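Now for the letters of each chain:
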Amino acid sequence: MSGIDSTYTLRARLWKWSGGKGAWFFITLPARTSREIRLVDAGPVRRGFGALRAVATIGGSTWSTSVFPSSEQKAYLLPVKASVRKAEGLVEGKLVDLTLKIRRAG
């Protein structure tokens, strides 16, 4: 990531979405953070379905990922993979402290 990235430190709750094949775990970014990402980082052109590249850190775990806009929740969603949940002892409903670096769209 480079100097044009934005860094956010936040606390939000882990939740589980069940649908299709299996379950997925997400953190919904707070409204204020989502609004700032939309205004500062997303840029005027939306590619694909508006996903933005990111690097997330929870505890001692850091991974490359993307955040996705949810029109239903009017916020960005961060998927949290199983290896991170296991390494950090995360369960559904847990409040999670995280740092998120967003790569600005160009």
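One structure accompanies this document, and this report is about it. (Residues numbered from 1 in each chain as written. Predicted model: local features only at pLDDT ≥ 70, side-chain atom pairs only at ≥ 80, totals over all residues. Heavy atoms only, no water.)

## A look at the overall build of the protein chain
Along the backbone of the protein chain there are two helices and six strands. Along its sequence from the N terminus, the protein chain presents helices and strands in the succession β-β-α-β-β-β-α-β. Over its C-alpha trace the protein chain gives a radius of gyration of 13 Å, about what one expects of a compact globule, namely 13 Å for 106 residues. In terms of principal-axis extent, the alpha carbons of the protein chain reach across some 35 × 30 × 20 Å. Sequence separation of 24 or more characterises 61% of the internal contacts of the protein chain that already satisfy a separation of 6 or more. Positive and negative side-chain charges of the protein chain, numbering 18 and 7 respectively, have mean locations separated by a distance of 4 Å. (Helix = DSSP H or I, 4+ residues; strand = E, 2+ residues; numbered from the N terminus. Rg over C-alpha atoms; globule rule 2.2 N^0.38 Å. Contact = heavy atoms within 4.5 Å. Lys, Arg positive; Asp, Glu negative; His and termini not counted. Charge placed at Lys NZ, Arg CZ, Asp CG, Glu CD.)

## Concerning the sheet that holds strand β5 (residues 75–79)
Strand order in the closed barrel made by the six strands is β1-β2-β5-β4-β3-β6, with antiparallel pairing throughout. In this sheet, adjacent strand axes meet at a mean angle of 45° when their direction is disregarded. Inspection of the sheet shows strand β1 (residues 6–18) paired to strand β2 (residues 23–28) by five bridges, in the antiparallel sense. Bridge assignment links Trp15 to a residue of β2, and that residue is Phe26. In the packing of helix α1 (residues 31–41) onto the sheet, contacts are made with β1, β3 (52–58), β5 and β6 (95–102), and the angle to β1 comes to roughly 120°. (Pairing = 2+ DSSP bridges. Axes fitted to C-alpha atoms, helices over the stretch in contact; angles between N-to-C directions.)

## Brief notes about the pattern of salt bridges
All told, the structure shown has two salt bridges when counted by the stated rule. Its salt-bridge partner being Arg103, residue Asp5 comes within 3.3 Å of it at the nearest N-O pair. Here Asp5 is found in the segment before β1, whereas its partner Arg103 is found in the segment after β6, with 98 residues between them in sequence. Exposure remark for Asp5: the relative accessible area of 14% places this residue in the buried category. Linking Asp97 and Arg11 is a salt bridge whose minimum nitrogen-to-oxygen distance equals 2.9 Å. With Asp97 in strand β6 and Arg11 in strand β1, this residue pair connects regions lying 86 residues apart in the sequence. For Asp97, a relative accessible area of 46% gives the class partly exposed. (Salt bridge = Lys/Arg side-chain N within 4 Å of Asp/Glu carboxyl O. Buried < 20%, exposed > 50% of the residue type's maximum accessible area, 1.4 Å probe, protein only.)

## Concerning unusual backbone geometry
Most of the time, phi is negative for any residue but glycine, and the peptide bond is trans. Positioned with a positive phi, Lys74 is a non-glycine residue whose angle comes to about 55°. The topology assignment puts Lys74 in the loop between β4 (61–70) and β5.

## What about α1?
Taken as a whole, α1 has its buried residues at Thr33, Ser34, Ile37 and Asp41. Viewed along the axis of α1, the buried residues span an arc of 100°, placing them on a single side of the element. Opposite the packed face of α1, turned more than 90 degrees from it, sit the exposed residues Arg32 and Leu39. Turning to α1, the residues buried within the fold contact β1, β3, β5 and β6. Looking one or two residues past α1, Gly43 carries a phi angle of roughly 75°, positive in sign. (Arc of directions from axis to C-beta.)

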